[in-house]
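Each chain, written out:
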Amino acid sequence: MEGEEEASGAVIDEIYSNGGEEKRRPIISGEQLDIEAYASLYSGRTKVTRLLFIADHCGNSSMQLEALRMAYDEVKKGENAQLLREIVQKIDGRLGPNYGLDQAWSESVDRKAEQRKEKLENELNAYKTNLIKESIRMGYNDLGDFYYAHGAVGDAFKNYVRTRDYCTTSKHITTMCLNTILVSIEMGQFTHVTSYVSKAEQTQEGLEAVTVAKLRCAAGLAHLESRKYKLAARKFLETGPELGNNYTEVIAPQDVATYGGLCALASFDRTELKNKVIDNFNFRNFLELVPEVREIINDFYSSHYASCLEYLGNLKANLLLDIHLHDHLETLYDQIRRKALIQYTHPFVSVDLRMMANAFKTSIAGLQKELEALITDDQIQARIDSHNKILYARHADQRNATFQRVLQTGSDFDKDVRAMLLRSSLIKHEFNAKNSRKL
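Residues numbered from 1 in each chain as written. Predicted model: local features only at pLDDT ≥ 70, side-chain atom pairs only at ≥ 80, totals over all residues. Heavy atoms only, no water.

S.K.: Give a detailed account of helix α6 (residues 103–130), specifying residues and quantitative values.
M.R.: Taking 1.5 Å as the rise per residue, α6 with 28 residues should run 40 Å; its terminal C-alpha atoms sit 41 Å apart, in good agreement. Buried residues belonging to α6 abut α4 (61–76), α5 (81–91) and α7 (133–149). Backbone geometry just downstream of α6 places Leu131 in the positive-phi region, at approximately 60 degrees. (Helix = DSSP H or I, 4+ residues; strand = E, 2+ residues; numbered from the N terminus. Expected span 1.5 Å × (residues − 1). Contact = heavy atoms within 4.5 Å.)

Now the structure itself:
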C-alpha cells in the first residue's frame, strides 16, 4: 500500500508541476517542412503523389514551387506522360522554361508505351493459346506493371487481380496480394487493402518477416482511413524492424512511428500505452527516428500535459501535409486532448480551474467549456463551481456501496436458505404425496 501511495503521489506531483515554471527541456520549434528530406524517404509513385499533395495544401508559394519542381524531376525519370502534363499545368510557367512541357519527351514516351502495350498483349494472347499457367500469370503481371508505371491504376488493378487464377505457389499469391494492395492504396480503395491483406496472411507457407511487416503497415493504413484508430495503432505497433526502407513505395519507417504513436495516444488507456508502446522494444526503434513523437508519448504518460500539447501544436502544420493523416489530425488531436483532461482530473476530489488552465496553457473560460462537454458526455464524473472556479469530482462512496452489496448478498443468502429448508420440510412430511392421494 505504501508503494502505491508513493507512486500515486509522484503522479500528482508531476501533474501539479505543469502549472509551475517552464520545463527545462526545450520545446521544438515549428520549423517549415524540409521537402527534399521528406521526399527522400519515399520512392515511386507515392513520392510524386505526396509532393503534389504538399503543393496543393501548403499555402506557401515557395514550398509549393519546390514541391512541384521535385515532382516534375521525379516524373521525368519514369514513363507517366499524362502526370507530367498535369504537373506542368500546376507550375504554369513559374519555374521558367526548363520546367515547361517537354513535347518531344512526352511523344517519345507515348509512342514507346503504345509499342510496349501491343507487345505485352500479343505475348499474353500467345500464352493463353498455349495454356501455360505460369506464363499467363507473368503476362498479366507484366501488363499490370506497365499500366501502373503509366498511371492507369484502374487497369493495373484489374490485371494484378487476374493473376490470382494462375497462381500455383504461396509466393505467387503473396506477390499478387502485395501488388493489389499497392494499387488499392493509390486508388484510395482501402476495403480492397483489408481484403487482400487477409488473403496474404492466410497463405499456407510461412511469410517472410519483411512481408509480414508490409502487411501490418497496409492494414494499419486501412484502419486509419476507416477511423478505427485503436486497430490502426495495434497494426503499426506490431510492425517489425525488418520493414526498414523496404516499403518506401507506400510508407516510410518514420510514418510508422508517427501514425502508430498518435493513434495509440488517442485510443489507448494508460496501461496499454505503457505496455504496448513505451515498453515495446521493436516500436522503440521506429520512435528513435522521430524523437518529437517519442517525447510526446513520454510526456503524456508522465502527465506533462503542457509540454505534450505544445509538441503536438508545433508538429501540426507539418502533419497536415501528410497524405494519410491530413483528414484525421483534428480528430486525433481532439481525442488526445480530451484524454489528457480526463487523466488530469482523475486522481483529485477537487481541482482549481486556474491551476488546470495554466497546466494546459489555455484560458479558464475555454477550459470550462471543454470540461462541461466532457461532463455532459459522462467522460468525467464531476460538477463545476463556476463562481469559485473549482471542479468537484463526484466519486462514488466505495465504503457505502460495498456495505450495501454485503447486505444484499446476506439477504439473498437468507432467502435461499429459507427456501431450501421449506422444500426439505415439505419432502420430509410427504406433503405433495398426501395432497395427490386426496385428489
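S.K.: Describe the packing of aromatic side chains, and please don't skip the residues or the numbers.
M.R.: Under the counting rule described, the total for this entry stands at seven aromatic pairs. One cation-aromatic arrangement involves Lys199 over Tyr196; the distance from NZ or CZ to the ring centre is 4.8 Å. In this structure, Lys276 is placed above the aromatic ring of Phe268, and the distance from its NZ or CZ to the ring centre is 5.7 Å. (Phe/Tyr/Trp six-rings, centres within 6.5 Å; stacked < 30°, edge-to-face > 60°. Lys NZ or Arg CZ within 6 Å of the ring centre and 35° of its normal.)

S.K.: Account for the confidence of the model for the chain, naming residues and giving values.
M.R.: Looking at the chain, the pLDDT average stands at 83 and 90% of residues meet or exceed 70. Taken together, the stretch residues 1–30 has pLDDT below 50 and engages in 43 contacts with residues farther than four places along the chain or on a different chain. A low-confidence stretch, residues 435–439 (pLDDT under 50), is modelled with zero contacts involving residues beyond four sequence positions or located in other chains. (pLDDT = per-residue confidence, 0-100.)

S.K.: Kindly report on the packing of helix α3 (residues 44–57) against α5, identifying the contributing residues and their values.
M.R.: Between α3 and α5, whose axes approach to 12 Å, the crossing angle comes to 20 degrees. In terms of their interaxial angle, α3 and α5 are classed as roughly parallel. For the pair α3 and α5, the sense of crossing is left-handed. Along its contact with α3, which presents Val48, Leu52 and Asp56, the element α5 presents Leu83, Ile87 and Lys90. (Axes fitted to C-alpha atoms, helices over the stretch in contact; angles between N-to-C directions. Parallel < 35°, antiparallel > 145°, perpendicular 65-115°, else oblique. Left-handed = near helix turned anticlockwise from the far one by under 90°.)

S.K.: Account for a nonpolar patch on the surface, naming residues and giving values.
M.R.: Where nonpolar side chains cluster on the molecular surface, the patch consists of Leu422, Leu426 and Phe431 and spans about 290 Å² of accessible area. Within the secondary structure, Phe431 sits in helix α22 (residues 431–438). Assessed through its relative accessible area of 46%, Phe431 is described here as partly exposed. (Patch = residues over 30% accessible without salt bridge, like charges linked within 9 Å, V, L, I, M, F, W, Y side chains within 5 Å. Areas by Shrake-Rupley, 256 points an atom, 1.4 Å probe, with all protein chains shown as cover. Salt bridge = Lys/Arg side-chain N within 4 Å of Asp/Glu carboxyl O. Buried < 20%, exposed > 50% of the residue type's maximum accessible area, 1.4 Å probe, protein only.)

S.K.: Tell me what's going on with the nonpolar core, and back it up with residues and numbers.
M.R.: Judged by nonpolar contacts, the single largest core of 93 residues is most densely connected at Ile181, Ile251 and Phe360. Setting aside its immediate chain neighbours within four residues, Ile251 contacts Tyr42, Cys217, Leu221, Phe236, Val256 and Tyr259. In this structure, Ala55, Cys58, Leu68 and Tyr72 belong to the second largest nonpolar core, which totals 29 residues. (Core = buried A, V, L, I, M, F, W, Y, C linked by side-chain atoms within 4.5 Å.)

S.K.: Just give me the short version of helix α11 (residues 209–225), but keep the residues and values in it.
M.R.: Across its 17 residues, α11 extends 25 Å between first and last C-alpha, which sits within 8% of the 24 Å expected from 1.5 Å per residue. For α11, the buried fraction is high: 12 of the 17 residues fall into the buried class. Within the sequence span of α11, burial applies to Thr211, Ala213, Lys214, Leu215, Cys217, Ala218, Ala219, Gly220, Leu221, Ala222, His223 and Leu224. On its buried side, α11 packs onto α9 (170–187), α10 (190–201), α12 (229–237) and α13 (253–267). Arg227 sits one or two positions beyond α11 and adopts a positive phi of about 65 degrees.

S.K.: How would you sum up the side chain of Lys47? Please name residues and give values.
M.R.: Positionally, Lys47 belongs in helix α3. Here Lys47 falls in the buried class, since its relative accessible area comes to 15%. If we ignore the near neighbours within four places in the chain, the residues touching Lys47 are Ala39, Tyr42 and Glu74.

S.K.: Quick one: what's the story with the side chain of Arg337, residue by residue and with numbers?
M.R.: Counting through the fold element by element, Arg337 comes out in helix α18 (residues 329–345). Looking at Arg337, its side chain comes within polar contact range of the side chain of Glu370, at 2.7 Å. Here Arg337 is in contact with Leu309, Phe360, Thr362 and Glu370, once residues within four sequence places are set aside. (Polar contact = N/O pair within 3.5 Å; in protein donor to acceptor, adjacent residues only side chain to side chain.)

S.K.: Can you tell me about the pattern of salt bridges, naming the residues and giving the values?
M.R.: Across all of its chains, the model carries 22 salt bridges by this definition. One salt-bridge network, in which partners are shared between bridges, spans Lys230, Arg234, Glu272 and Lys276.

S.K.: Mind laying out the environment of Ile390, listing which residues take part and the relevant values?
M.R.: Within the element layout of this structure, Ile390 appears in strand β3 (residues 390–393). Ile390 sits in the partly exposed class, given a relative accessible area of 22%. With 37 residues separating them along the chain, Ile390 and Leu353 place their C-alpha atoms 5.5 Å apart. The contact partners of Ile390, leaving out residues within four places of it in the chain, are Ser350, Val351, Leu353, Arg383, Ile384 and Asp385.

S.K.: Requested: an account of the sheet that holds strand β2 (residues 382–385), with residues and values cited.
M.R.: Strand order in the open sheet made by the three strands is β1-β3-β2, with antiparallel pairing throughout. Because the sheet does not close on itself, it has two edges, and the strands there are β1 (350–352) and β2. Each strand of the sheet is rotated relative to its neighbour by a mean of 20 degrees, with strand direction disregarded. Relative to β3, β1 runs antiparallel, the two being bridged by three bridges. Counted as the bridge partner of Asp352 is Ile390 from β3. Strands in contact with helix α20 (residues 364–376) are β2 and β3; relative to β2, the strand with the most contacts, it is inclined by about 150 degrees. (Pairing = 2+ DSSP bridges.)

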